[in-house]
Structures are given as structure tokens and as C-alpha cells.
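# Notes for the structure review
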Amino acid sequence: MFRLHDAELTHSNGFVALRDIALAAEAGEQLAIVGPSGAGKTTLLRLISTALRPTRGRIDLLGGDPWALSAAELRRLRARIAVAHQAPPLPPRQRVVTAVLAGRLGQWPWWKGMASLLYPADITGARAALLRLELGERLFDRCDRLSGGQLQRVGIARVLYQQAQLVLADEPVSALDPALALQTVQVMCGDAAARGATLVASLHAVDLARSCFPRIVGMRDGRIVFDLPVAAVDDALLSELYATEGGGLPLLAGEPAGMSLPARAAGLPPRGTCWR
Amino acid sequence: MKHPRDPAAPGRAAALLLAIVILWPLGVIGEFHPWTLFEAQNLRVMGGFLAAFLPPAVGGEFLAHLGRATLETLAIATAGIALAFVLAVPLAMATTQALSVSRIGPGPGRRRGEWLRAALRVVLVVLRGLPELVWALLFVRVFGLGPAAGVLALGLTYGGMLAKVYAEILESGDSRPARALLEAGASRLQALCYGLLPGAAQELTSYTVYRWECAVRASVVMGFVGAGGLGQLMDQSMRMLNGSEAASILLTFLVLVLAADALSGLLRRQLGETDGRAGALAFGRRSSLWLLLLGSALLASYLWLDLGLAALLSAAALASMAAYFGAFFPLDLSPDWLASVAWGALETVAISALGTLLAAAAGLLLALPASGRYGQAFEQLTRFLLNALRSVPELVWATLMALAAGLGPFAGILALALHTSGVLGRLFAEALQNAPPRPRDALLEAGTPSASAFLYGTLPEVSPQLIAYSLYRWEMNIRMAAILGFVGAGGLGQLLYVKLSLFQYPQASTVIAAMLLLSVAVDAGSAWLRRWLASPGG
Ligand SMILES: Nc1ncnc2c1ncn2[C@@H]1O[C@H](COP(=O)(O)OP(=O)(O)OP(=O)(O)O)[C@@H](O)[C@H]1O
Ligand SMILES: [Mg+2]
């Protein structure tokens, strides 16, 4: 499905966000990427989605080097990849149904995209995707009338509707409550499994990653630290990855003991007193 | 529930139907016949004219004429703004609530003050309700051909506009300092200088500079009614179908309008800078320098134009003026004439609506390359094209389009569309550049064709802004459409021009009244529309 060979990515300001990345996934595989903030998870997913081009190394994607393709071929390739973004990039004034249908714009002929602006081309399909995420009744609402978590699920509904062969999800459930987060990740995994699609998701909640994904990739400082089946990923390994001395791991449920009241612990006065 | 339907669909269908029901008759009234552009005869005339554009005329004598006319245009604008300023200051002081003495208490003469203020407001509406070109057309008949009529016309219209905006600016600021001064027995002028100006001077100056820029554009066309400047030269060249001279004059327009643009932008930026550091009017060296420059520019303008204002104020001149304006009353209100005027008004509305609609469509198409999405080269090229489109005044476009499409409202539609697409294209391009890029980028990364990515990712974000810009321009274009008829492009202007040429003043004054009514209605309508768009339901 995709294979990265010693890929390296340097941002325009000279910051090396990824180095020596070797990662591969077969069709139908599902893997979770975990790691502390700034580890390079988003960057890695953008590299795989061809939004970024590796500065060194090579990427094989859906059977070839995407950067050797012509513009039109690259566009057709991208239509086979779906991305769920950390913050869903949906125009606030767009309606949910339009936002979801936009997932297939890369597959539709251009006139169908135009016509769908006048009358939604596939209401049933959009509604089916939303129903799986318990959002069926918000079909005709505007995106700016939704809560942050609902908006995130609209973004996921677009991904489900796109029916892509490769699904990349960047912290897809960061705005959801624990129960809904679990359920939503299960929907995504179930959908990918049913279609034989590959799913790569970056997750902050390690328990969610461990309960839903058979394979876990740990990242830190732009490098892959481990790439193991879930059974081999224990708390010690994760603690080392997050380097939380004596603290807990970022979990989906419950507040980690060591993280309570950081303001007080840092020596700042309690809220309410005027210390300006 | 098996097959949900889009609840918005009936509303959309109704809106579409309504648009057709409104646009179709407008198209008929405006004689919207695009095919006339391609008729053999029109093509031949226009082709011959355009072919003569190259090379532009550069003969020594012609260039001397051109230079003098350019200076005259600038002088008309500057002198006109000065006159407007002189008119506007007392009017603004009298009408603004911020300097009302009788409101304190309320004290004696409250009623009288309110009445006076209301009466002055009506005067302001009349002054700025009539386009400056109408005033110029009227004045040319009293003061003869030449720049005097242009200066007076600009002075009156812009005096009304400046007074209204000055009053609003004074009211929008903090009025307590002025009020305290008035309560302490200060005069209005003292309260203005010590209480209001410190806070408002920068905005007032900035607006005045902006108006000067507009005055330059306006005085470019004054000559079409015989009031001096470049327009007169253009009118002559067009009459003789002298393409190479027309080309030189058009280039001059371009340079003049862009230079005025740049100068006004520079001045206003400078104003913004000084404000932050020194607060209000600090009469430092730089301000004094500017004032000196301004003073000499004014003096030069008056000397250059040789206005002879004193002669205008002689008893004989005043008597002839009174007789002339007296001839306009009473208005001709016979049903027949009213019907023709109503038709002219409809034609005016049709010209403005269709012109603006075409301009919005063309502006959007041009804004795409101008916003830089097809690369630097296209961006620079379309930006130049947009500047060229908007630097040629509507009235000049109308004379050109009258060649291409024949006399009549369709020429007016095309003229408005061409000029306005330059203006809107620039604004649209800015809006597109400021639109959040992520929704569109995400779609592109999902393999969406770029046209669809634009429609689904960018347009929803910017469409309210684009619509607001277009409505605002439509408002201006209704006023403009009323005078395009001076060069034969239909609407109320044509009626007015014809009637004035035949010395049928009562009929002419009915047309003027209709123009005023239209302008007031547009003001009210656009205020209402703005409120409606701003309300959560809109
Ligand atoms: N456009 C950019 N230019 C320069 N540096 C960047 C850019 N984008 C990201 N970075 C840097 O690259 C590193 C990796 O960023 P990335 O967004 O991939 O982290 P992440 O693992 O997704 O973090 P998080 O969990 O907070 O989302 C960070 O240190 C970030 O500051
Ligand atoms: Mg991230």
C-alpha cells in the first residue's frame, strides 16, 4: 500500500521534522501512531498523503512513486487517499451535506460537482455516512452551527463517504468524549476492515490505540522509536516514549494523577487573585 | 425518511425563478442584445477605431494640449475639493449632534435647532443626491463652457458628501469633551477645535484626501458636458473618431488615476503613522510642510483656472442665475411626461442592475488569476488589466461602447460592466487572498479538481463579502447609470440631456426630481439591505 524508504523531511525554516523514516503498510492493515506532541505525527501523515514531499529518501504509494507522476495522475492518485484532519477544514458557512459530499469530488466528473451545489447529488449516501456517526439529523445544518466534536465527526463522515483505499486520520477523535471517541474509532476501523482499506491513525490516547489497533508505531523527535504488534507494547515502553517520569500515560478516560492543577504546582497564585 | 429531500431546494428554486422573473424584463428594458456587438457595421466602425489606437498620438501640439488639459483636470479637482471643504465645514458643524448647544438642558431654542438641522439635512441630500455631472451640465448653461462650472459642480456635490460624513465622524467619536466645553460656555468653533478635533482630525483628513482622489476621477469626465479638463479633449477625439489621440488620452487617464490612487494612499498611510506616535494634530515640521504644499497647490489651481469668482457674484450674474433656475419651476407633472420619466428611471435601474451583475461575474473570473493562483505572471497581467479597466471612467467607456453597440441602454450596460469589473475584480482578488486556505487545500489533497476545490472550499467563505461588495457597487452604479445618457447610453440622463438642449426646463426639472428620488430611494434601500444582511436571519 505504501512504503517509506529512509525518508527525511526538512521544513523551509531548516527544521528537520522527520528523519530516517522507514515504514510500510500492506493493504488492509491498520496501524496507530503514538508519541508526544511535536513528535512529527502530523508531518508523517502529510508525507504519506502527498501533501508534503520528502526532502530525502523515497516514498512508494499505491504502487509507484507519486512524485514521478504527472499532475493529472497525481490528482487521480490523491482521490484514492482520504485524510481526516486534526481540525476539520470545513467552511463554516457550508452545509453538512455539502461538506460530506465534497469527499467524492475527486472521483466525480466536474459537472457533477457543479450540479451538486444546486441540489445535493447523493443525499442518501451522505446521510448514511453521518448516521454511522450518530449525526444523521444534522444533515442540512450549517457547519458553523455544530459543536467542535460534531464538526470533527462531519470530517470523519466525509472520509467514510470518500471510500478511499488508504485512510489517514490525524487525531481524529481529539474533540470527542471518551465513549464517543471509542465508538468513532471503532466505526473507522470497521469501515476500513470491511472494504479492505488501509488505515493509519495518529492518536494521543494510548489506551484507545491499544484497544483498537493491532499494530502500534511510536514516534519521538521525528524518528520512529518502535513499530510493534500491540501485544508487545507495554506500559514501560510507552512511559519511555512519553518520558513522563513518575507520571501517567495520556489516557482516554480519567485525569492522570500527576497532571492535576499544574498552575498551582508551578508556583502561580490561585485564580481569582490579582497578580498582574 | 427513506429518501430525505433537501429542505432548502424549494427556497432555491423560488429564488432562481424570482431572479429570472426580475432579470428577464430588465434585459428587455435595457435592450440587452449582445449580438449587436458582432454586427458587421459595428465591428467595422469599432475595428477601424481600435486599429488607429496604435501608435498613440505623440505630436508636439497635441501633447501640449494634453498636458494643459491634464493640469486643468487636476486643478478642477483640487479647487473643487477646496470649495467643498469651505461649504462642508459650517454645514457639518451646524448639522452634527455633537456640537448642538440647544440639546444641553435642553435649553432655549431646542425646537428651532432641531428644525434648522432637519432643513439643512434636506439641503445636504439635494446637494449630494444629484451627480456632479448633472450640476455641471446645469452650470455650464449659466457660466458658459469652461472649468468654472466643473469646480462649482464638484464643490456642491462633494460639499454635501463631506458635510454628511464629517458630521457622522464627529458624532461617532467621544462627544463628552466637546459637551463639557459647550456646557462651560464655549462657542461651537472652540468646542470643535478643543473637544472634537483632537480625536477626529486624522479620520477627517483621511476622508478628505480620499475624496480628492474621487474628485480627480470625476473631473476627468467633466469635459463631456463642456466643463473643462481632459474630458473635453476626449470628447473631441471621439467625435472625430481619432483613435490615436483617444489612445493617448486613455493612457493619460490610466496614469492620472493610478497616480492619484498612489498619492492618496501614501498620504493616508502617513496620517495613520503620525497618529500613533504624537496623538492629534501635532504641528510639527512635517505637518507644516504638508500644509504649505497644500496651500500652494490650491493657489496654483485657482490661478491656473482663472475662475474669476468675483464676477460670478456680481448683481447681474446673480440675477441671470436666478432667472435661469426660476425657469425650472414649476415642474412638468403631466401624465404623459411622468410616464416617460418613469420609463427612463426603469431603464436606469435596468442598466445599473445588469451592468453590475455582468461586472460581478467578470470580476470573479478576473479575480482568480489576480489573486495569484495561476502564478506571478498571470497575477501581474490581470492586475494591470483590472487597473486599466477601472481607470477609464464609466462615461468614457460609454462613448466607446456606443461605437461598438450603437446608442442606447445596452451601451450603458457594457460601460458599467467594464469599469465595475475592474473595481470588483480588485476587491474580489483581495477577498480571495484573505480567504482561509485550509478547506481548499484539504480538498486539493483529496484529489479534487481545482475548479471544484474553489467552489466547495473557498467560495462559501468569501461569498458574503463578494455579495456585499457587489451590492455596494450597484448602489453607486444606479447613480452613475442616471448620467450615462449624457453620451447617449439611455436612462434618465438621456432625457435630461435632450430636454436641456431643447430649453424645455420644466420637463428637465421633473427628470432631476426623479434622479433625486431615485438616489434617496437607493440610500434607504441599501441601508435596509445592509441591516437585513447583518441580522442573523439574513
Ligand atoms: N511548517 C512548518 N515549519 C517548520 N516547522 C514545522 C512546520 N510544521 C511543523 N513543524 C515542526 O515539526 C515538528 C513536528 O510537527 P507535527 O505537527 O508533525 O507534530 P505532531 O506529532 O503532530 O504534534 P501534535 O501531537 O501536537 O499534533 C514540530 O516541532 C513542529 O514545530
Ligand atoms: Mg499533529
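Residues numbered from 1 in each chain as written. Chains lettered and ligands numbered in written order. Predicted model: local features only at pLDDT ≥ 70, side-chain atom pairs only at ≥ 80, totals over all residues. Heavy atoms only, no water.

### A word on the sheet that holds strand β9 (residues 223–229) of chain A
All names here are of chain A. Here is the rule we go by: The pairing criterion is simple: DSSP has to find at least two bridges between the two strands. Secondary structure is summarised from DSSP: a helix means a run of H or I of at least four residues, a strand means a run of E of at least two, and numbering begins at the N terminus for each. Here the axes come from fitting lines to C-alpha atoms, over the contacting stretch only for helices, and the angles between their N-to-C directions go from 0 to 180 degrees.
The sheet built from six strands is open, its strands ordered β5-β6-β7-β3-β8-β9 with mixed pairing. On the outer flanks of this sheet lie β5 (81–84) and β9, each paired with one strand and no other. Each strand of the sheet is rotated relative to its neighbour by a mean of 15°, with strand direction disregarded. Alignment of β5 against strand β6 (residues 166–170), held across four bridges, turns out to be parallel.

### Examining empty space enclosed by the protein
Using the following cut-off: The definitions used throughout rest on a 1 Å grid laid over the protein atoms alone, on which a cavity is an enclosed set of points accommodating a 1.4 Å probe that cannot get out and a pocket is an open set flanked by protein within 12 Å on both sides along at least five of seven lines; lining residues are those having an atom within 4 Å of a point. Grid points are joined across faces, edges and corners, and a volume is the space filled by probe spheres set on the points. Polar here means any residue outside two lists: the nonpolar Ala, Val, Leu, Ile, Met, Phe, Trp, Tyr, Cys and Pro, and the charged Asp, Glu, Lys and Arg; Gly therefore counts as polar.
Tallying each qualifying case throughout the model produces four cavities of 30 Å³ or more. Computed from the structure, the largest cavity encloses a volume of approximately 140 Å³. Around the largest cavity, the lining is made up of 16 residues, and of these Val83, His85, Arg158 and Val159 of chain A together with Ala442 of chain B lie nearest the centre. Listing elements by their share of the lining of the largest cavity, those giving two or more residues are β5 and α6 (148–162) of chain A together with α18 (438–445) of chain B. Of the residues contributing to the lining of the largest cavity, the split by class is ten nonpolar, four polar and two charged. A volume near 50 Å³ is recorded for the second largest cavity. Surrounding the second largest cavity, Gly129, Pro131, Ile478, Arg479, Ala482, Met515, Leu518 and Ser519 of chain B form its lining. When contributions to the lining of the second largest cavity are tallied by element, the ones reaching two or more residues are α19 (450–484) and α21 (505–534) of chain B. For the lining of the second largest cavity, the per-class residue count stands at five nonpolar, two polar and one charged.

### Quick notes on the domain arrangement of chain B
Residue and element names in this part refer to chain B. In plain terms, the rule: Here the limits of each domain have been adopted from an automatic or database domain assignment. We call two residues in contact when some of their heavy atoms are within 4.5 Å. Two parts placed together each lose some accessible area; with a 1.4 Å probe, that loss summed over both constitutes the buried area. Salt-bridge detection follows one rule: a side-chain nitrogen of Lys or Arg within 4 Å of a carboxyl oxygen of Asp or Glu.
You can read the domains of chain B as domain 1 (26–55 + 328–538) and domain 2 (58–273 + 287–326). The distance between the C-alpha centroids of domain 1 and domain 2 comes to 25 Å. Facing 35 residues of domain 1, the contacting portion of domain 2 comprises 33 residues. For the pair domain 1 and domain 2, the two sides together bury roughly 2,900 Å², of which 76% comes from carbon and sulfur. The tally of links from domain 1 across to domain 2 stands at two salt bridges.

### What to know about the interface of chain A and chain B
Across the contact, 33 residues belong to chain A and 28 residues belong to chain B. Both faces combined, the contact of chain A with chain B buries some 2,700 Å², and carbon together with sulfur accounts for 57% of it. At the junction of chain A and chain B, the tally comes to two salt bridges. Between Arg46 of chain A and Glu445 of chain B there is a salt bridge; the shortest N-O distance is 3.9 Å. Counting only elements with at least two residues in the side of chain A that touches chain B, the list comes to α2 (71–78), α4 (110–118), α5 (123–132) and α6 of chain A.

### Concerning the environment of Tyr194 of chain B
With respect to the secondary-structure elements, Tyr194 of chain B resides in helix α8 (residues 188–221). Between the alpha carbons of Tyr194 of chain B and Pro177 of chain B there is a distance of 8.0 Å; along the sequence they are 17 residues apart.

### A few points about the coordination of the magnesium ion (ligand 2)
Residue and element names in this part refer to chain A. Put simply, the test is: Only N, O and S atoms count as donors, using a 2.8 Å cut-off from the metal and 3.2 Å for Na, K and Ca, and because water is excluded some sites may appear unfinished. Summary of the burial criterion: residues with accessible area below 20% of their type's maximum are buried, those above 50% are exposed, and those between are partly exposed, where the area comes from a 1.4 Å probe applied to protein chains only.
Protein-derived ligands of the magnesium ion (ligand 2) are Thr42 (OG1) and Gln86 (OE1), with the metal-ligand distances lying across 1.9 to 2.8 Å. Of this pair, Thr42 sits in helix α1 (residues 41–48) while Gln86 sits in the loop between β5 and α3 (96–101), placing them 44 residues apart in sequence. Assessed through its relative accessible area of 29%, Thr42 is described here as partly exposed.

### Describing the pairing of β6 of chain A
Looking along a regular strand, one sees the side chains alternate between the two faces of the sheet. All names here are of chain A. Selection rule: Look down the strands so they point away from you; if going from the first strand over the helix to the second traces a clockwise path, that crossover is right-handed.
Here β6 lies mainly inside the structure; five of its five residues are buried. Burial along β6 is two-sided: the face carrying Leu166, Leu168 and Asp170 and the face carrying Val167 and Ala169 are both buried. The pairing of β6 with strand β7 (residues 198–202) spans five bridges and is parallel. What sits directly across from Leu168, in β7, is Val200. Running through helix α7 (residues 178–195), the crossover from β6 to the neighbouring parallel element β7 is right-handed.

### Thoughts on the packing of aromatic side chains
As a reminder of what qualifies: Only centres within 6.5 Å qualify two rings of Phe, Tyr or Trp (six-membered ring in Trp) as a pair; their planes then separate them into stacked at under 30 degrees, edge-to-face at over 60, and tilted for everything else. The criterion is that NZ of a Lys, or CZ of an Arg, lies within 6 Å of the ring centre and within 35 degrees of the ring normal, and then a charge sits over that ring.
Summed over all chains, the structure comprises twelve aromatic pairs over all chains. A ring pair is formed by Phe328 of chain B and Tyr505 of chain B, whose centres lie 4.8 Å apart and whose planes are at 40°; its orientation type is tilted. Here Tyr505 of chain B lies in helix α21 and Phe328 of chain B lies in the loop between α13 (315–326) and α14 (335–370), a separation of 177 residues in the sequence. A residue is classified by how much of its surface remains accessible, and Phe328 of chain B, at 4% relative accessible area, is buried. What links up through ring pairs into an aromatic cluster is the set Trp135, Phe139, Tyr324, Phe325, Phe328, Phe503 and Tyr505 of chain B. Lying across the ring of Tyr161 of chain A, Arg104 of chain A places its NZ or CZ 4.0 Å from the centre. The ring of Tyr158 of chain B carries Arg211 of chain B above its face, with NZ or CZ at 5.1 Å from the centroid.

### Considering helix α17 (residues 409–434) of chain B
All names here are of chain B. Definition in use: A helix's residues, less one, multiplied by 1.5 Å, set its expected span. Bend, in this description, refers to the angle at a residue between axes fitted to the seven residues ending there and the seven starting there.
Spanning 26 residues, α17 covers 36 Å between terminal C-alpha atoms, matching the ideal 38 Å at 1.5 Å per step. Along its length, α17 reaches its greatest deviation from straightness, about 30°, at Ser421. The buried fraction of α17 is high, at 20 of 26 residues.

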